[in-house]
Amino acid sequence: KAAVKAASKTAAAAKPRIANATAPAFVEADNVVALRAACAKGGKVKLAPGRYVLEHTLTLTGVTSLEGDYRDLVTIDGRQMTDPTQPVIMIDRVWGYEISNLTVYGDRTKNAIGVLNATNTPNANGSYGTCSGQAIWSHVLIAGFKTGIVIGDDTKYVASSENLYNHLAVTQCD
């Protein structure tokens, strides 16, 4: 089980003081770097309380559990993404997983997607799919997106089955 510690400082870019100055590039904080490394390993990923500000989509491949400490204490924030049309979290070829006790924020004015439960990677047999084991969402808040959750992709005939939602709130989404 991989544990990810929250950073004590925010990596938000400062506004330039001079009209023609260029704002410094956004840099993901150490806690996000650790989160990406834990997700790349797969298995269970435990998030410490804190705010995880993403620059790019967080892809879950092989992650069986993404678990926060408490929904109001763990935030995955997609409002600083370099391409806001991309999903904040993408579930790609995960066969049975759990996402629990966290909040995902986005910016609906930028046509954003909160969580995309579909796959870009074909399975060994050439088919697409994300779940042949139970997917459990428990105590999750998804807020501020154009589209909160997309399940499947009809352009690739991708489906997802056996989804269980326990205290899932999707708010402030168009």
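Structure first, text after, so check above.
Computed from a predicted model, the values in this text were never measured in an experiment. (Residues numbered from 1 in each chain as written. Predicted model: local features only at pLDDT ≥ 70, side-chain atom pairs only at ≥ 80, totals over all residues. Heavy atoms only, no water.)

### Side note on unusual backbone geometry
(1) Moving on: The backbone phi angle of Asn101 is positive, close to 55°, even though this residue is not glycine.
(2) Moving on: Following the sequence through the fold, Asn101 ends up in strand β8 (residues 97-105).
(3) Moving on: Overall, Asn101 belongs to the buried group, its relative accessible area being 19%.
(4) Moving on: Residue His139 is not a glycine yet carries a positive backbone phi of 55°.
(5) Moving on: Within the secondary structure layout, His139 lies in strand β10 (residues 135-143).
(6) Moving on: Accessibility expressed as a relative area gives 33% for His139, which makes it partly exposed. (Helix = DSSP H or I, 4+ residues; strand = E, 2+ residues; numbered from the N terminus. Buried < 20%, exposed > 50% of the residue type's maximum accessible area, 1.4 Å probe, protein only.)

### Remarks on the packing of aromatic side chains
(1) Moving on: Summed over the entire model, instances satisfying the criterion amount to two aromatic pairs.
(2) Moving on: Where Tyr97 meets Trp137, the ring centres are 6.4 Å apart and the plane angle is 75°; that geometry is what we call edge-to-face. Of this pair, Tyr97 sits in strand β8 while Trp137 sits in strand β10; the two residues are 40 residues apart in sequence, bridging distant segments of the chain.
(3) Moving on: Residues Trp137 and Tyr165 carry aromatic rings whose centres are separated by 6.1 Å and whose planes lie at 40° to one another, so their mutual orientation is tilted. Here the residue Trp137 occupies a position in strand β10, and Tyr165 occupies one in strand β12 (residues 163-171), the gap between them amounting to 28 residues.
(4) Moving on: Clustering of aromatic rings is evident, with ring pairs tying together Tyr97, Trp137 and Tyr165.
(5) Moving on: Above the ring of Tyr105, the side-chain terminus of Arg79 is found at 5.2 Å from the ring centroid. (Phe/Tyr/Trp six-rings, centres within 6.5 Å; stacked < 30°, edge-to-face > 60°. Lys NZ or Arg CZ within 6 Å of the ring centre and 35° of its normal.)

### Points about the nonpolar core
(1) Moving on: One finds Leu47, Leu66, Ile76, Ile99, Leu102 and Trp137 to be the most contacted residues of the largest nonpolar core, which totals 28 residues.
(2) Moving on: Residue assignment for this core shows that the elements contributing at least two residues are α1 (30-41), β2 (43-47), β4 (58-60), β6 (74-77), β7 (89-91), β8 and β10.
(3) Moving on: Beyond its immediate stretch of four places on either side in the chain, Trp137 contacts Ile91, Tyr97, Ile99, Val115, Ile142, Ile149, Asn163, Leu164, Tyr165, Asn166 and Leu168. (Core = buried A, V, L, I, M, F, W, Y, C linked by side-chain atoms within 4.5 Å. Contact = heavy atoms within 4.5 Å.)

### Side note on the side chain of Asp77
(1) Moving on: As for its placement among the helices and strands, Asp77 is situated in strand β6.
(2) Moving on: Here Asp77 falls in the buried class, since its relative accessible area comes to 0%.
(3) Moving on: In this structure the side chain of Asp77 is engaged in a polar contact, spanning 2.9 Å, whose partner is the side chain of Arg51.
(4) Moving on: Sequence-distant contacts of Asp77, that is, excluding residues within four places in its chain, are made with Arg51, Tyr52, Val53, Leu54 and Tyr105. (Polar contact = N/O pair within 3.5 Å; in protein donor to acceptor, adjacent residues only side chain to side chain.)

### A few points about the pattern of salt bridges
(1) Moving on: Here the structure, examined in full by the defined rule, presents three salt bridges.
(2) Moving on: For Asp77, the salt bridge is made with Arg79, and the minimal N-O distance between the two is 2.7 Å.
(3) Moving on: Through salt bridges with shared partners, one network takes in Arg51, Asp77 and Arg79. (Salt bridge = Lys/Arg side-chain N within 4 Å of Asp/Glu carboxyl O.)

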